[in-house]
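Remarks on the overall topology
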Amino acid sequence: MSVRSAVRAAVGAAAIFLLAGCLLALAYYHDNKYLSPPPYGAGGVLELADADLGRPVPLVDGWLLSVDGASQIETFIGQYSNFSYMPGGASAFGTAVYELELRYVGNAPERALVLLVPEVYGDFTLYVDGAVAAAGGDGAEVGVVVRDGTRLKLEVENREHCYSGLYYPPVLGTAQAMGRLDFACALGTCVLVLGPLAAALLSFAVRRRGGGDALLRDFAVLCLAFAVAGAHGLAWRAGIANAWWYALEDAAWACVLVAAVALAARAAGLPWTQAGHPAARWGARALWLLPAVTFAWAAALPALPASIGAYAAFQSAVRIACWGLFAGCAVVGLRNRSAEARFVLYGCAVLGAALAANLLDDNAYEPLYGLWQHEYAGLMLVGVFAWMLAVRVRRLRAAQEQVRDLEVQVRAAEAGLVHLRHGEREARTARHDLRHHVAALRRMADEGAWEDCRAYLDELAGQQDAAPPLRYTGNVVANAVLVAYLAPAQAAGVRVECDVRVPERLGLGATELSVLLSNLLSNAVEACERARAAGEDEPYLALSMRTSGNVLALRCENSAEPGASFLATSKENPREHGLGLPAMREIARRHRGELFAEAADGRAVVRIGLALDAGGVGGGVPAGPGGSASGGGSADGGPVSAEPAATTVRGEMW
């Protein structure tokens with residue numbers, strides 16, 4: 001990669017780093033339970049007014065908490081999510097009791113509200129004024145009538161997760177406000193799950209159909225792992241959020257990081273990512289060992305509570321190590337001048353912003369309704385790599401188009417070479433026969449048989465006219481197609497008139513030019529054959545092809561059987577045929593042109609006009625010898641009218 005390209009990639013990475021940082025900052029200040037607006041609770045009491053109920057109210061502050069029967073202390077939700085961090089606490093496992101009194105100070109005696117108890121890490125029982133309102137471990141929505149002194153009591157027992165008790169605060173609000181909250185949560189879950197899942201399935205399908213791009217496979221694995229990791233809300237609502245799900249979720253996040261590193265390494269062109277490299281298998285095993293270790297350790301946490309601190313340190317080490325590998329891939333990609341290196345650098349910037357935010361905020365960001373920092377980063381990472389693959393596919397498609405054009409040109413050159421060799425053989429034969437013709441003409445002249453001499457010369461002239469020309473035009477592709485169709489047709493007795501005046505280089509792809517002329521001449525030659533079968537003695541085909549400015553105009557007129565029409569194909573298998581005219585129309589439309597076709601009175605006429613791309617357009621004069629060839633006169637080729645490139649080029653040109 002050149003210095004200029006490296007600087008541009010670095011500037012883009014800096015912009016994406018700032019964008020990710022701004023996104024995380026907005027989330028921090030607008031979706032953070034620690035920064036939620038009033039009302040605030042204190043001393044185990046929270047007062048609610050009518051003005052507070054226009055939105056969901058998170059019950060963050062003022063709770064009285066006791067753990068394992070210890071004395072009550074005042075806390076806010078999340079402060080002691082892990083019981084081991086309680087004053088004097090030693091384990092994340094245990095029992096806790098949260099208590100809060102709600103007081104309604106509005107205009108009515110009471111208000112009927114909805115209380116959302118979020119996911120509780122452990123089994124819980126919710127009491128409202130001493131009566132059991134909900135129980136379980138997956139959260140619930142409970143109807144609550146708030147008066148002047150409605151008491152909430154939440155008993156929690158945790159035996160299976162490294163977090164304990166309440167992680168998110170309960171949320172209280174009217175039915176309308178809670179409905180909006182449910183919609184926001186469902187929308188967030190859809191974004192986290194359905195989008196990446198669809199991208200994963202599409203990538204697998206494209207890879208299977210396209211023969212296998214390893215980048216597509218790695219991207220599909222990344223998206224699939226992210227969809228599983230983001231399905232926490234679905235698991236909670238489905239009632240399957242238990243210790244095994246927590247282990248699967250942590251392993252899925254490890255898979256996201258490993259897949260991102262694998263994708264970055266392959267995009268950067270690291271040697272060990274090649275299938276035949278000796279280190280490829282061992283490198284892949286080493287990377288994918290991390291999710292397996294994560295799952296096993298997380299699943300064993302209930303049996304090994306003392307390892308919770310080590311497990312948290314392991315998670316942080318994995319994140320930092322994967323980001324370091326990612327950054328190394330970006331550097332190697334820039335040095336290798338990989339086409340995808342800048343996207344690896346962009347992904348490194350995204351993960352760097354999320355990692356910096358997570359380390360700097362010191363666990364001061366815990367969203368109420370939205371996404372966590374790693375979820376925002378995961379979405380942006382999926383977007384960056386999707387962008388990379390879109391650019392890659394477009395570049396590969398352009399390369400395939402160039403390869404197809406070269407293949408067409410090679411086939412055209414081969415066909416032209418065969419025709420030239422055939423002409424060379426005929427020329428040698430003609431030179432060999434020339435002395436016999438001269439001797440015969442001399443004998444006739446010596447004997448005074450002038451009429452026989454004239455008849456002999458007329459016969460020789462007819463043979464010369466019947467022979468197809470060696471070269472119709474200087475354009476290699478066009479000449480090859482013309483030779484392939486017109487020479488056999490002329491040899492079969494079709495009267496061919498060909499006036500082709502195009503430059504050697506056209507602003508039209510070789511494949512498009514080949515498809516256009518091949519379909520046009522194939523239909524015309526077949527129509528002449530059907531016309532001969534219908535009784536016409538000498539079918540004819542007249543082709544004119546010219547350029548003027550940036551406009552290419554074609555006109556093909558040929559014999560047709562009575563009743564012929566362009567509305568439907570006359571071939572036996574209409575499903576497999578009748579595609580030539582639509583293909584030609586599509587090429588004309590693609591180049592802002594039009595195609596007109598009509599058949600009547602035993603003849604068929606097709607007129608095509610299209611705009612050529614800039615850079616490969618020549619004048620409307622023949623390029624070198626052989627610019628036009630005629631087997632019996634020139635087709636009627638009137639003036640060519642060129643319209644501006646921004647407008648449609650109409651076919652009324654001849």
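Residues numbered from 1 in each chain as written. Predicted model: local features only at pLDDT ≥ 70, side-chain atom pairs only at ≥ 80, totals over all residues. Heavy atoms only, no water.

Regarding the packing of aromatic side chains
- Enumeration over the complete set of coordinates arrives at 14 aromatic pairs.
- For the pair W244 and F295, a centre-to-centre distance of 6.1 Å together with 40° between the ring planes defines the contact as tilted. Residue W244 is located in helix 5 (residues 243-268), and its partner F295 is located in helix 6 (residues 278-300); the two are separated by 51 residues in the primary sequence.
- Where F343 meets W387, the ring centres are 5.1 Å apart and the plane angle is 80°; that geometry is what we call edge-to-face. With F343 in helix 8 (residues 341-360) and W387 in helix 9 (residues 373-447), this pair connects stretches of sequence that are 44 residues apart.
- Residue W387 is classed as partly exposed on the basis of its relative accessible area of 41%.
- In this structure an aromatic cluster arises from ring pairing among Y28, Y29, Y168, Y365 and W372. (Phe/Tyr/Trp six-rings, centres within 6.5 Å; stacked < 30°, edge-to-face > 60°. Helix = DSSP H or I, 4+ residues; strand = E, 2+ residues; numbered from the N terminus. Buried < 20%, exposed > 50% of the residue type's maximum accessible area, 1.4 Å probe, protein only.)

Observations regarding the nonpolar core
- Counting 71 residues, the largest nonpolar core has F219, L222, F326, F385 and M388 as the members making the most contacts within it.
- For this core, the elements supplying multiple residues, two or more each, are helix 1 (3-30), helix 2 (175-210), helix 3 (214-229), helix 5, helix 7 (308-336), helix 8 and helix 9.
- Ranked by residues supplied to this core, first place goes to helix 5 with 16 residues.
- Within the second largest apolar cluster, 40 residues are counted, among which are L513, L516, L517 and M545. (Core = buried A, V, L, I, M, F, W, Y, C linked by side-chain atoms within 4.5 Å.)

Observations concerning the sheet that holds strand 6 (residues 111-117)
- Pairing in this open sheet of four strands is antiparallel, and the strands run 2-13-6-10 from one edge to the other. Since the sheet does not close on itself, it has two edges, and those belong to strand 2 (57-58) and strand 10 (140-146), each with one partner.
- Note that strand 6 and strand 10 share seven bridges and pair antiparallel. Looking across to strand 10, one finds that V114 is bridged to G143. (Pairing = 2+ DSSP bridges.)

What to know about the packing of helix 7 against helix 8
- Contact geometry of helix 7 with helix 8 gives a least axis separation of 8 Å together with a crossing angle of 155°. Here helix 7 is positioned roughly antiparallel relative to helix 8, judged by the angle of their axes. The handedness of the crossing between helix 7 and helix 8 is left-handed. Residues R319, I320, W323, F326, A327, C329, A330, G333 and L334 of helix 7 touch helix 8, and the partners they reach there are A341, V344, L345, G347, C348, L351, G352 and L355.
- Here the residues of the contact of helix 7 with helix 8 are counted per class, giving 13 nonpolar, three polar and one charged. (Axes fitted to C-alpha atoms, helices over the stretch in contact; angles between N-to-C directions. Parallel < 35°, antiparallel > 145°, perpendicular 65-115°, else oblique. Left-handed = near helix turned anticlockwise from the far one by under 90°. Contact = heavy atoms within 4.5 Å. Nonpolar A, V, L, I, M, F, W, Y, C, P; charged D, E, K, R; others polar.)

Side note on the pairing of strand 6
- Summarising burial for strand 6: five of the seven residues are buried, a large majority.
- Where strand 6 lies against strand 13 (residues 171-173), three bridges are found, and the strand directions are antiparallel. Looking at the pairing, L115 lines up with L172 of strand 13.

A word on the environment of A560
- Within the element layout of this structure, A560 appears in the loop between strand 16 (551-559) and helix 13 (580-590).
- Assessed through its relative accessible area of 7%, A560 is described here as buried.
- Sequence spacing of A560 and A599 is 39 residues, and the spatial spacing of their C-alpha atoms is 7.6 Å.
- With near-sequence residues (within four places) excluded, A560 lies in contact with A527, A531, G602, R603 and A604.

Some remarks on helix 7
- Taking 1.5 Å as the rise per residue, helix 7 with 29 residues should run 42 Å; its terminal C-alpha atoms sit 42 Å apart, in good agreement.
- Of the residues making up helix 7, those classed as buried are I308, Y311, F314, Q315, V318, C322, F326, A327, C329, A330 and G333.
- R337 sits one or two residues past helix 7 and shows a positive phi near 60°. (Expected span 1.5 Å × (residues − 1).)

Comments concerning a nonpolar patch on the surface
- Side chains of L194, L197, L201, F204 and L224 sit close together on the surface and give an oily, nonpolar patch of about 430 Å² of accessible area.
- The element that contributes the greatest number of residues to the nonpolar patch is helix 2, accounting for four residues.
- Here F204 is to be found in helix 2. (Patch = residues over 30% accessible without salt bridge, like charges linked within 9 Å, V, L, I, M, F, W, Y side chains within 5 Å. Areas by Shrake-Rupley, 256 points an atom, 1.4 Å probe, with all protein chains shown as cover. Salt bridge = Lys/Arg side-chain N within 4 Å of Asp/Glu carboxyl O.)

Topic: the pattern of salt bridges
- Scanning the entire structure with this criterion turns up 22 salt bridges.
- The salt bridge partner of K33 is E366, with a shortest N-O separation of 2.2 Å. One end of the pair, K33, is in the loop between helix 1 and strand 1 (45-48); the other, E366, is in the loop between helix 8 and helix 9, and 333 residues separate them in sequence.
- Relative accessible area serves as the criterion here: at 1%, K33 is assigned to the buried category.

Focus on the confidence of the model for the protein chain
- Averaged over all residues, the pLDDT of the protein chain equals 79, while 82% of them reach at least 70.
- Scored below 50 in pLDDT, residues 573-577 shows three contacts in the model against residues more than four places distant or in partner chains.
- Every residue in residues 617-654 scores below 50 in pLDDT, and together they form 105 contacts with partners more than four places removed in sequence or on other chains. (pLDDT = per-residue confidence, 0-100.)

Some words on helix 11 (residues 476-491)
- For helix 11, with 16 residues, the first-to-last C-alpha span of 22 Å sits near the 22 Å given by 1.5 Å per residue.
- Roughly 30° is the biggest bend found in helix 11, and it falls at V483.
- Along helix 11, the residues that are buried comprise V477, A478, N479, A480, V481, L482, V483, L486, A487, A489 and Q490.
- Where helix 11 starts, the residue carrying a side-chain oxygen 3.3 Å from the main-chain nitrogen of V477 turns out to be N475.
- Positive backbone phi, approximately 100°, marks G493, located one or two places after helix 11. (Bend = angle between axes of the 7 residues up to and from the residue. Polar contact = N/O pair within 3.5 Å; in protein donor to acceptor, adjacent residues only side chain to side chain.)

A look at the environment of D218
- Along the chain, the position of D218 falls in helix 3.
- Relative accessible area serves as the criterion here: at 7%, D218 is assigned to the buried category.
- Expressed as a C-alpha distance, the spacing of D218 and F204, which sit 14 residues apart in the sequence, is 9.6 Å.
- Excluding residues within four positions of it along the chain, D218 makes contact with A259, A262, L263 and R266.

Some thoughts on unusual backbone geometry
- A cis geometry characterises the amide bond from P38 onward to P39, with omega recorded as 15°.
- Looking at the element boundaries, P39 is found in the loop between helix 1 and strand 1.
- The phi dihedral of D68 falls on the positive side, at around 50°, and the residue is not glycine.
- One non-glycine residue, D129, adopts positive backbone phi at about 55°.
- Within the secondary structure layout, D129 lies in the loop between strand 8 (123-128) and strand 9 (131-136).
- Judged by relative accessible area, D129 falls into the partly exposed class, the value being 42%.

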